[in-house]
Amino acid sequence: MSIRSRTQNLAFVLFPKLRLIQIFLQSLLKTSRKMGKMKYPAKIMIGCGSVFVIIVIFGFILMPILLKSKIKSNLTLKPGGDVRGLYTKVPFAIDFKVYMFNITNPVDVANGDTPVLDEIGPYYFEEWKEKVELIDNEAEDELTYKQRITWVFRKDLSKPGLTGEEIVTMGHPMMIAMPVLLAREKPAMLNLINKAINAIFRNPPYPFVTAPVMDILFRGVVINCSVTDFSGKAVCTQLRTEAKDLHHVSDTIFKFSFFGMRNGTIDQNTLTVKRGIKKSHDVGKVTAYNGAKEMSVWPTKECNQYVGTDSTIFPPLMTREEGVAAYAPDLCRSLIATFEKEQMYRGIKVNRYIATFGDMSTDERFKCYCPANASCWKQGLHDLTKCVGAPIVASMPHFYDADPMYVNMVRGLHPNEPDHGISLVFELMTGTPVSGKKRLQFNLPLEPIEKVAVMKKVPTALLPLLWVEEGADLPDDFAKQLVGIFKMLKIVKIVKVLILILSLVGIGVGAFLHYKNRDSMSVTKAVKPMEKDTQKNISTVSSAQNETYDKY
């Protein structure tokens, strides 16, 4: 046996599906040899019929299967792959905008008036994300990592005139949160916390903090725990041992900020996600947080499940009805965006999804998010007390999609969907988000507490502190690549349809010519008997002439 034959046989043993292609090609070869003996119309019909069969099998059946297989195999988190590299370190900055709410009438609010808010922003930051300390688990097809986020302030992209040194007044997280939490869970300790607040903050006139924006966000607002009062010492000792988000300047001086302790540092919490090598539809799916396969925050098993990906990557070839889900550790829950409408992006059909917090007061699916020892919040709010240990309530900015009662508790809010909604524009085939806007507002419940002097006369309201927008549009380089893929697929589709149409036309032309030639052949056969009669007559005439010649 020749080397060529051995190679072919080995290939067909290793790849059984190729055997079908071999049989088809061999039959095609035999047909082509027979065609040499056929007439022209038959050749056209068989040739165009062969092209028709080939384009249907390869262009409309095998090619889509191969394309889907290629997409699935490429969009995985396999070590060394391009997608893994992009996933590990996002090669472009994500937009991170912060809007502060300045209370313009703090003294009046302390005496019971409605808070008047002035929104200041956006303060624009570049957000750089990187996954570190990666550990692969091949058996479970999982990847575990920690994350580092770095924020860089961009004055040039912020609202004109903003420097970060603007002085704002907002609800003090410690002065408001501690009394509210104790009033719910340990009301007997309210006298102690009242003395501690007066000692630590030197008899404050209202439960608000006034400081530069950058101090509140990153540099830190000072909490001076150099007190001799017993109650103050007790609270400061608890802060020293349990408050992980405080920057310890010294044993008695702490600083609080919203993002300072996280900026540029490695978050010690771990996330475990599926790599998608064994099952592409699971790529990026969260399976564990800090090693736990489900949360223990909420009272029901359903609410303690991780649903969706880590929001960095999404599986390809999703259906529109699936929705887009992502787990948010800061909220201790998943957000599920549902399909809203189809739209165009640079000539590509994409789908727009929107997300809400739902209504824990009426929807049984969200009842588990109700705060302990308190009635449920209404539409559009998510209580973070069980998640972060402080009575902070999340919502969409300006209480968009929330019950109107919360908007009416303060003045200065103007909710609208374009500026304050959560949305994601998604290309389903490749699993590519082309635009995303995650917007969250953080609020403190303000309520009168008789035993705490600084809270004694305040009104009942849900007081907005600030809101952030995290999102990005697909960078131009990546957008061009995505558009290029779909342009190529469109060209291939046009060529396939064109070849299909031409092959059908060819079959029709061949059939017509064959039919026409058949009619022509029938006419020729009808003439043949006449030719025989003519020959018979000629023979008769010749015989007669011969007889005449014999007579002479």
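Residues numbered from 1 in each chain as written. Predicted model: local features only at pLDDT ≥ 70, side-chain atom pairs only at ≥ 80, totals over all residues. Heavy atoms only, no water.

Visitor: Lay out a nonpolar patch on the surface in plain terms, naming residues and giving numbers.
Guide: A grouping of V53, I57, F58, F60, I61, L62, I65, L66, V497, I501, V505 and V509 is seen on the molecular surface, where their side chains present a nonpolar patch of about 950 Å² in accessible area. Of all elements in the fold, only helix 3 (40-74) and helix 13 (476-551) reach the threshold of two or more residues within the nonpolar patch. If you tally residues by element for the nonpolar patch, the top one is helix 3, at eight residues. Summarising the element assignment, L66 is placed in helix 3. (Patch = residues over 30% accessible without salt bridge, like charges linked within 9 Å, V, L, I, M, F, W, Y side chains within 5 Å. Areas by Shrake-Rupley, 256 points an atom, 1.4 Å probe, with all protein chains shown as cover. Salt bridge = Lys/Arg side-chain N within 4 Å of Asp/Glu carboxyl O. Helix = DSSP H or I, 4+ residues; strand = E, 2+ residues; numbered from the N terminus.)

Visitor: Which residues make up unusual backbone geometry, and what are the values?
Guide: The phi angle of most residues is negative, glycine excepted, and most peptide bonds adopt the trans form. At the junction of G121 and P122, the peptide bond is cis and its omega measures out at 10 degrees in the coordinates. Structurally, P122 is set in strand 2 (residues 117-137). Phi at N290 takes a positive value of approximately 55 degrees, unusual for a residue other than glycine. The topology assignment puts N290 in the loop between strand 10 (286-289) and strand 11 (324-328). Positive phi, close to 55 degrees, is recorded for L317, a residue that is not glycine.

Visitor: Just give me the short version of the sheet that holds strand 8 (residues 253-256), but keep the residues and values in it.
Guide: The three strands are arranged 6-8-7 in an open sheet whose pairing can be described as antiparallel. The open sheet is flanked by strand 6 (221-224) and strand 7 (246-248), the only strands paired with a single partner. Put simply, the sheet's adjacent strands are angled 35 degrees from each other on average, direction ignored. Pairing of strand 7 with strand 8 involves three bridges; the strand directions are antiparallel. Its bridge partner lying in strand 8, L246 is registered against F256. (Pairing = 2+ DSSP bridges. Axes fitted to C-alpha atoms, helices over the stretch in contact; angles between N-to-C directions.)

Visitor: Please provide a residue-by-residue account of the UniProt feature "transmembrane region" (unreviewed entry) in the protein chain, values included.
Guide: UniProt records the feature "transmembrane region" (unreviewed entry) at residues 44-67 and 497-515, using the numbering of this structure. The distance separating the terminal C-alpha atoms of residues 44-67 is 32 Å; by composition the span is 100% helix and 0% strand. Annotation note: span residues 497-515, helix share 100%, strand share 0%, distance between end C-alpha atoms 27 Å. (UniProt positions renumbered as here; feature names shortened; annotations may be inferred.)

Visitor: Before we move on, can you summarise the side chain of N105 with the specific residues and values?
Guide: For N105, the position within the fold is in the loop between strand 1 (94-103) and helix 5 (106-110). When residues no more than four places from it in sequence are discounted, the contact partners of N105 are D113, T114, P115 and V116. (Contact = heavy atoms within 4.5 Å.)

Visitor: An account of the pairing of strand 11 is needed here, citing residue identities and associated values.
Guide: In terms of burial, strand 11 is largely enclosed, as five of its five residues are buried. Side chains of strand 11 alternate between two faces, with V324, A326 and A328 and A325 and Y327 buried alike. Count of turn residues in the strand 11/strand 12 (residues 333-345) antiparallel hairpin: four residues, of which C332 carries a positive phi of about 55 degrees. (Buried < 20%, exposed > 50% of the residue type's maximum accessible area, 1.4 Å probe, protein only.)

Visitor: Any chance you could break down the pattern of salt bridges for me, citing the residues and the numbers?
Guide: Tallying each qualifying case throughout the model produces 26 salt bridges. Among the salt bridges present, the one from E126 reaches R154, with a minimum N-O distance of 2.5 Å. Placement of the pair is E126 in strand 2 and R154 in the loop between strand 3 (142-153) and strand 4 (167-171), with a sequence separation of 28 residues. In this structure, a network of salt bridges that share partners links the residues R84, D136, D141 and R275.

Visitor: With reference to specific residues and values, describe helix 6 (residues 173-185).
Guide: With 13 residues, helix 6 ought to run about 18 Å at 1.5 Å a step, and its terminal C-alpha atoms sit 18 Å apart, in line with that. The buried fraction of helix 6 amounts to eleven of the 13 residues, a majority that puts the element mostly inside the structure. (Expected span 1.5 Å × (residues − 1).)

Visitor: Could you give an account of the environment of P371, naming the residues involved and the relevant values?
Guide: Mapped onto the elements of the fold, P371 is located in the loop between strand 13 (348-355) and strand 14 (381-383). In sequence terms P371 and L384 are 13 residues apart; their C-alpha atoms lie 8.0 Å from each other. Not counting the four nearest positions on each side in its chain, P371 is found in contact with R184, M360, C376, W377 and D383.

Visitor: A description of the nonpolar core should follow, citing residues and the corresponding values.
Guide: V98, M100, F125, L217 and M455 are the most contacted members of the largest nonpolar core, which totals 114 residues. Excluding residues within four positions of it along the chain, M455 makes contact with M175, I176, P179, V180, P207, L446, E447, P448 and I449. If you look at the next biggest cluster of nonpolar residues, it comprises twelve residues, including Y345, V350, L482 and V483. (Core = buried A, V, L, I, M, F, W, Y, C linked by side-chain atoms within 4.5 Å.)

Visitor: Residues and numbers for the packing of aromatic side chains, please.
Guide: Per the stated rule, a full pass over the model turns up 22 aromatic pairs. Seen in terms of ring centroids, Y99 and W467 are 4.0 Å apart; in terms of plane orientation they differ by 0 degrees. Their pairing is stacked. Residue Y99 is located in strand 1, and its partner W467 is located in strand 18 (residues 461-473); the two are separated by 368 residues in the primary sequence. Assigned by exposure class, Y99 and W467 land together as buried. Considering the side-chain rings of W377 and Y406, the 6.0 Å spacing of their centres and the 55 degrees angle between planes classify their relative orientation as tilted. (Phe/Tyr/Trp six-rings, centres within 6.5 Å; stacked < 30°, edge-to-face > 60°.)

Visitor: Run through the state of the cysteines, naming residues and quoting values.
Guide: Per the stated rule, a full pass over the model turns up four disulfides. Here C225 engages in a disulfide with C236; their sulfurs sit 2.0 Å apart. When the S-S torsion is -85 degrees, as for the bridge of C225 with C236, the disulfide is left-handed. Pair noted here: C225 is in the loop between strand 6 and helix 9 (230-242) and C236 is in helix 9, with a separation of eleven residues, a long-range link. Considered together, C225 and C236 belong to a single accessibility category, that of buried residues. One disulfide bridge connects C303 with C368, the sulfur atoms lying 1.8 Å from each other. The chirality of the disulfide connecting C303 with C368 is left-handed, given an S-S dihedral of about -75 degrees. Here C303 is found in the loop between strand 10 and strand 11, whereas its partner C368 is found in the loop between strand 13 and strand 14, with 65 residues between them in sequence. When sorted by exposure, C303 lands in the same class as C368, which is buried. (Disulfide = S-S within 2.5 Å.)

Visitor: I'd like a rundown of the environment of D229, residues and numbers included.
Guide: By the secondary structure assignment, D229 is in the loop between strand 6 and helix 9. Expressed as a C-alpha distance, the spacing of D229 and K195, which sit 34 residues apart in the sequence, is 8.2 Å. Other than its neighbours up to four places away in sequence, D229 contacts K195 and A199.

Visitor: Please give an account of the pairing of strand 16 (residues 422-427) that cites residues and values.
Guide: For strand 16, a buried count of six out of six residues is recorded, marking the element as mostly surrounded by other parts of the structure. The alternating pattern of strand 16 places I422, L424 and F426 on one face and S423, V425 and E427 on the opposite face, and all of these are buried. Across five bridges, the pairing between strand 13 and strand 16 is antiparallel. Within the sheet, the bridge partner assigned to A355 lies in strand 16 and is I422. As paired elements, strand 16 and strand 17 (residues 432-446) share five bridges and run antiparallel to each other. Its bridge partner lying in strand 17, V425 is registered against S435. In this antiparallel pair of consecutive strands, strand 16 and strand 17, the connection spans four residues, and G431 shows a positive phi of 70 degrees.

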